[in-house]
Amino acid sequence: MLTDKKGKIFGKLNVIDFIALIVVLLLIAGIGYKYVGNGVKSVTDNPDLLQYTVSITDVRNYSVDALQINDKMYDSKTDTYMGKIIAKEVKPYKDYITKTDGNVVLAEKPQRFEILLTLEVPGVENAYGFLASGKRDINRQSTLQLESYIISLISKVVDVKKIN
């Protein structure tokens, strides 16, 4: 039997003290796991360079002109750094429109554009995908609300890869 007549475990420790000791040890183990080694790579431990492309559709010429190479982009919701623009491709925006005769066709919308931005950002790759600046998911088909110092736009990630 573990307890003696006085209720002490192994004759040295009472039950309340033993439970308190277990709780303290569990707290120390939890703190150690959180801050020392949980197996997830941090962005401060040699971050990878991530390159991803986003599509911004149905925008006017003002939006095209507001985005320039080397502009820094941030996530509007979390203010996380999302990288700098390294390439910009602009093409006419096409959408399905209904003609006057009732037919639906794919056609260019006048004075509307699609922008493909390529950005580079330090980040990490984990089992679930990529994290820009170690915080914000950037996976294919995810939606990001990006902003620069001039403009805020909703974009869709079309490609993401690790450079180094």
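What this report covers is the structure whose coordinates are included nearby. (Residues numbered from 1 in each chain as written. Predicted model: local features only at pLDDT ≥ 70, side-chain atom pairs only at ≥ 80, totals over all residues. Heavy atoms only, no water.)

### Thoughts on the overall build of the protein chain
Of regular secondary structure, the protein chain possesses two helices and ten strands. Along the protein chain, helices (α) and strands (β) appear in the sequence β-β-α-β-α-β-β-β-β-β-β-β when read from the amino end. Evaluated residue by residue, the protein chain yields a buried proportion of 28% over its 164 residues. Within the protein chain, residue pairs in contact and separated by at least 24 positions form 60% of the contacts whose partners lie at least 6 positions apart. Summing over all exposed atoms, the protein chain offers an accessible surface of approximately 11,100 Å²; the carbon and sulfur share of this is 56%. (Helix = DSSP H or I, 4+ residues; strand = E, 2+ residues; numbered from the N terminus. Buried < 20%, exposed > 50% of the residue type's maximum accessible area, 1.4 Å probe, protein only. Contact = heavy atoms within 4.5 Å. Areas by Shrake-Rupley, 256 points an atom, 1.4 Å probe, with all protein chains shown as cover.)

### Considerations on the pairing of strand 3 (residues 48-59)
Within strand 3, nine of the twelve residues are buried, which leaves it mostly tucked inside the rest of the structure. Pairing between strand 3 and strand 6 (residues 104-126): ten bridges, direction antiparallel. If you follow Leu50 over to strand 6, its bridge partner there is Val121. Of the strand pairs in this sheet, strand 3 and strand 10 (residues 152-162) are connected by six bridges, and their pairing is antiparallel. In the sheet register, Val54 faces strand 10, and the bridge partner there is Val157. (Pairing = 2+ DSSP bridges.)

### What about the pattern of salt bridges?
Scanning all chains against the criterion turns up five salt bridges. For Glu125, the salt bridge goes to Lys162, with nearest N and O atoms at 3.5 Å. Of this pair, Glu125 sits in strand 6 while Lys162 is found in strand 10, placing the two residues 37 residues apart along the sequence. Judged by relative accessible area, which is 40%, Glu125 ranks as partly exposed. Between Arg140 and Asp159 there is a salt bridge; the shortest N-O distance is 2.9 Å. Taken together, the residues Arg140 in the loop between strand 8 (136-137) and strand 9 (143-147) and Asp159 in strand 10 connect sequence positions 19 residues apart. With a relative accessible area of 49%, Arg140 lands in the partly exposed category. Under the relative-accessibility criterion, Asp159 is labelled partly exposed at 26%. (Salt bridge = Lys/Arg side-chain N within 4 Å of Asp/Glu carboxyl O.)

### Some remarks on the environment of Ser142
Tracing the backbone shows Ser142 in the loop between strand 8 and strand 9. Here the alpha-carbon distance between Ser142 and Val54, two residues 88 residues apart in the chain, equals 9.4 Å. Not counting chain neighbours up to four residues away, the residues in contact with Ser142 comprise Ser155, Lys156 and Val157.

### Looking at the environment of Lys161
For Lys161, the position within the fold is in strand 10. For the pair Lys161 and Tyr52, spaced 109 residues apart in sequence, the C-alpha to C-alpha distance is 6.3 Å. When neighbours within four sequence positions are excluded, Lys161 is seen to be in contact with Leu49, Leu50, Gln51 and Phe130.

### A short note on a nonpolar patch on the surface
On the surface, Val15, Phe18, Ile19, Leu21, Ile22, Val23, Val24, Leu25, Leu26, Leu27 and Ile28 cluster together into a nonpolar patch covering about 970 Å² of accessible area. Note on placement: Val24 falls in helix 1 (residues 15-35). (Patch = residues over 30% accessible without salt bridge, like charges linked within 9 Å, V, L, I, M, F, W, Y side chains within 5 Å.)

### Topic: the pairing of strand 5 (residues 81-98)
In the case of a regular strand, side chains alternate between the two sheet surfaces. Pairing of strand 4 (residues 72-75) with strand 5 involves three bridges; the strand directions are antiparallel. Bridging across to strand 5, Met73 finds its partner in Gly83. What sits between strand 4 and strand 5 in their antiparallel hairpin is a turn of five residues, with Asp79 showing a positive phi close to 60 degrees. The pairing of strand 5 with strand 6 spans 13 bridges and is classified as antiparallel. Of the residues in strand 6, the one forming a bridge with Ala87 is Thr118. From the end of strand 5 to the start of strand 6, which pair antiparallel, there are five residues, and Gly102 there has a positive phi angle of about 95 degrees.

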